[in-house]
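Chain by chain, the residues:
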There are 2 protein chains.
Amino acid sequence: MAMSENISDNVAKAEHYVREAAAGGSRIILIPELFEGEYFCKDLVAEHLKRALPLDENPTIAHFQQIAKELNVVFPLSVFERAGNALFNTVVMVDADGSRMGIYRKSHIPDGPGYTEKYFFSPGDTGFRVWNTQHGRVGVGICWDQWFPEAARAMALAGAQCIIYPTAIGSEPADPSWDSSRHWQRVMQGHAAANIIPVMAANRVGHEKGSTTEITFYGSSFIADYTGEIVAEAGRDTEEVISAEFDVAAIEALRTSWGLFRDRRPDLYGSLLSLDGNVE
Amino acid sequence: MAMSENISDNVAKAEHYVREAAAGGSRIILIPELFEGEYFCKDLVAEHLKRALPLDENPTIAHFQQIAKELNVVFPLSVFERAGNALFNTVVMVDADGSRMGIYRKSHIPDGPGYTEKYFFSPGDTGFRVWNTQHGRVGVGICWDQWFPEAARAMALAGAQCIIYPTAIGSEPADPSWDSSRHWQRVMQGHAAANIIPVMAANRVGHEKGSTTEITFYGSSFIADYTGEIVAEAGRDTEEVISAEFDVAAIEALRTSWGLFRDRRPDLYGSLLSLDGNVE
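If you're wondering where the values come from, they're calculated on a predicted model, not measured in any experiment.

1. Some thoughts on the pattern of salt bridges
Residues and elements named next belong to chain A.
- As enumerated under the stated definition, the model contains 40 salt bridges over all chains in all.
- Of the charged contacts, one joins Glu81 and Arg105 as a salt bridge, the two residues approaching to 2.8 Å between their closest N and O atoms. With Glu81 in strand β1 (residues 75–83) and Arg105 in strand β3 (residues 100–105), the pair connects residues that are 24 residues apart, well separated along the chain. Considered together, Glu81 and Arg105 belong to a single accessibility category, that of buried residues.

Structure, rendered in structure tokens:
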């Protein structure tokens, strides 16, 4: 979906599509990142810091808790969280009874022309989390997290049956000729294939003109199956609902018999706990 | 390429294709896994253990060292190594001056119908290695290693400019309807995309009938660019040379500006050092 600067319009639009998805049988529903407004991180402007709200003071969360309960669906809600003096890019996980299961704070924070998130968000301090919802065990990362195999693996190790990523990504203001959309998809297809687990990403569409920078978000939201094959994909500039159904037991049987999780070598992975590859 | 049980035929064939690749300008050349013979691991038969040789007694290695020097090319040579009483699935890295740079022993050992490698090989004890060859810094994994994001990441962290995998994979004797070829490719395309680094795999082709099990190797050797896009691919049953050229400096510039290696969170990756996801 595309977002405007009108919060209630965006919330109403998200609700419309959530109802459409639920009517089609979807039980785990993913709305794009920071859907309450435009992607404000394209401008390094202090005014936007005021958008952050304590979770208990954000009416959008309470509204979607009611919808989750009404529709018997699960979703992560992506919001800009104020926690004391700290600000985070946060997902509130809502179960199918409308309860808040807890939060995940975006671990990997990007920074670059048009995506100056390090100005707005502290790196998340929750660690990767998997939610044992009424409709399955759901791992949730947020946007830039999707580029990191470590995050997907950590969620798979924690028992995720699917991994989902709310996202905001599009053109690169520093190099308009660069289109990362297939690159972006292939990283996550790799997570799906390597962990034998379905992966989904929901991105925004539309052109947003900030005070300093413009971005055309490229949509291309998709669902990849447990071999990494894309089985549903949205257009680059269309608002739409996509869905897929998976046989969790069959996937788990293949995941086990394939042996990847039997044959890992944690004794050799020490360098992954460094930035520069030095184990010392 | 397809292999027979005649070592000298296989060596001659590999040499033929290496010369073709070098004549076409290739400088880093990848021959499939265990190319000296048929893929003996499809049968759990003690006789095959005798194939393992101490590296200094394997004439194939010395032969290809001469070819590397003559052609000014780099390659990993995949052999069955005996080291005292231990047996390994090993790559000997040969530099363009014909010298042996060292060895890498396959870290991840598969086991399943048709691929009973745990009977033949101890899990490698070298850790992941990157070779600073005369033609670039080359990371080498061996077959099953290619399914593990941790191995690719470790090689990328160690400075690899490309990652290459000699391979032997094909049909699943336990389920002939299952074709893993695209799944297999997508995992490695994911490594390429997530690490912003070209990835190559060389697989065998042909049907091999062992004493207990038959496998049709599915070829599909490929080269993926630094976004994970396949830029060269061999057929499923054809013997052929494929090649690609990359601008290492341009890739490094994109890898740096994209920021993935800046934004990793080693403090959150502790569970990767376990088999079950438990950090404790």
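Alright, that's what it looks like, and here's the rest.
2. Section: the confidence of the model for chain A
- Summing up the model confidence of chain A, the mean pLDDT is 97 and the portion of residues at 70 or higher is 100%.
- Across the assembled chains, the prediction reports ipTM 0.97 with pTM 0.98.

3. Considering the relation of the copies chain A and chain B
- After a rotation of 180 degrees and a shift along the axis of 0.0 Å, chain A superposes on chain B with an RMSD of 0.0 Å. Such a turn and shift between the copies fits a two-fold axis. Among all C-alpha atoms of chain A, that of Gly190 of chain A lies closest to the rotation axis, at 1.9 Å.

4. Focus on the sheet that holds strand β2 (residues 86–94) of chain B
All names here are of chain B.
- Strands sit in the order β1-β2-β3 across an open sheet of three strands; the sheet is antiparallel. For this open sheet the edge positions go to β1 (75–83) and β3 (100–105), each flanked by a neighbour on one side alone. Within this sheet the neighbouring strands show an average axis-to-axis angle of 35 degrees, counted without direction.
- Looking at chain direction, β1 and β2 are connected through nine bridges and run antiparallel. Following the sheet pairing, Ala83 is matched in β2 by Ala86.
- Sheet strands touched by helix α2 (residues 59–71): β1, β2 and β3. Its angle to β1, the strand with the most contacts, is close to 160 degrees.

5. Overview of empty space enclosed by the protein
- Under the definition given, this model contains three cavities of 30 Å³ or more.
- Size it by volume and the largest cavity reaches roughly 50 Å³.
- In this structure, the largest cavity is lined by Pro149, Val187, Gly190, His191 and Ala194 of chain A together with Pro149, Val187, Gly190, His191 and Ala194 of chain B.
- At the level of elements, α4 (181–195) of chain A together with α4 (181–195) of chain B are the ones that each hand at least two residues to the lining of the largest cavity.
- Of the volumes computed, that of the second largest cavity is approximately 40 Å³.
- Gln161, Pro198, Val248, Ile251, Glu252 and Arg255 of chain B are the residues that line the second largest cavity.
- Partitioned by chemical class, the residues of the lining of the second largest cavity number three nonpolar, one polar and two charged.

6. Some points on the interface of chain A and chain B
- On the side of chain B, 53 residues touch chain A, which itself brings 53 residues to the contact.
- Here chain A and chain B share an interface that buries about 4900 Å² over both sides, 64% of which is from carbon and sulfur atoms.
- Here chain A and chain B share six salt bridges between them.
- A salt bridge links Glu150 of chain B to Arg153 of chain A; the nearest nitrogen and oxygen atoms lie 2.7 Å apart.
- Elements represented by at least two residues in the side of chain A that touches chain B include exactly α3 (149–157), α4, α5 (248–258) and α6 (260–263) of chain A.
- When residues in the side of chain A that touches chain B are grouped by element, the largest group, seven residues, is from α4 of chain A.
- Here the residues of the side of chain A that touches chain B are counted per class, giving 26 nonpolar, 15 polar and twelve charged.

7. Re the side chain of Gln65 of chain B
Residues and elements named next belong to chain B.
- Tracing the backbone shows Gln65 in helix α2.
- On the basis of relative accessibility, which here comes to 17%, the residue Gln65 falls in the buried class.
- Ignoring anything within four residues of it in the chain, the contact list for Gln65 reads Val94, Gly98, Ser99 and Arg100.

8. Looking at the packing of aromatic side chains
- Under the criterion given, the structure shown has 38 aromatic pairs over all chains.
- Considering the side-chain rings of Trp147 of chain A and Trp258 of chain B, the 5.4 Å spacing of their centres and the 70 degrees angle between planes classify their relative orientation as edge-to-face. Note that Trp147 of chain A is positioned in the loop between β5 (136–140) and α3 and Trp258 of chain B in helix α5 (residues 248–258), a pairing that runs across two chains.
- Note on Phe35 of chain B and Phe64 of chain B: the rings are 5.6 Å apart at their centroids and 90 degrees apart in plane angle, and the pair reads as edge-to-face. Residue Phe35 of chain B is found in the loop between α1 (7–23) and α2, and its partner Phe64 of chain B is found in helix α2; the two are separated by 29 residues along the sequence. Neither Phe35 of chain B nor Phe64 of chain B differs from the other in exposure class; each is buried.
- Aromatic rings pair up to connect Phe40, Phe80, Tyr119, Phe120 and Phe121 of chain A into one cluster.
- Between Arg105 of chain A and the ring centre of Phe88 of chain A, over which it is positioned, the NZ or CZ distance is 4.0 Å.

Cut-offs used in this document
- Residues numbered from 1 in each chain as written.
- Chains lettered and ligands numbered in written order.
- Predicted model: local features only at pLDDT ≥ 70, side-chain atom pairs only at ≥ 80, totals over all residues.
- Heavy atoms only, no water.
- Salt bridge = Lys/Arg side-chain N within 4 Å of Asp/Glu carboxyl O.
- Helix = DSSP H or I, 4+ residues; strand = E, 2+ residues; numbered from the N terminus.
- Buried < 20%, exposed > 50% of the residue type's maximum accessible area, 1.4 Å probe, protein only.
- pLDDT = per-residue confidence, 0-100.
- Least-squares fit on C-alpha atoms with pLDDT ≥ 70 in both.
- Pairing = 2+ DSSP bridges.
- Axes fitted to C-alpha atoms, helices over the stretch in contact; angles between N-to-C directions.
- Contact = heavy atoms within 4.5 Å.
- 1 Å grid on protein atoms, 1.4 Å probe; cavity = no way out; pocket = protein on both sides within 12 Å on 5 of 7 lines; lining within 4 Å.
- Points joined across faces, edges and corners; volume = space filled by probe spheres on them.
- Nonpolar A, V, L, I, M, F, W, Y, C, P; charged D, E, K, R; others polar.
- Buried area = accessible area lost by both parts, 1.4 Å probe.
- Phe/Tyr/Trp six-rings, centres within 6.5 Å; stacked < 30°, edge-to-face > 60°.
- Lys NZ or Arg CZ within 6 Å of the ring centre and 35° of its normal.

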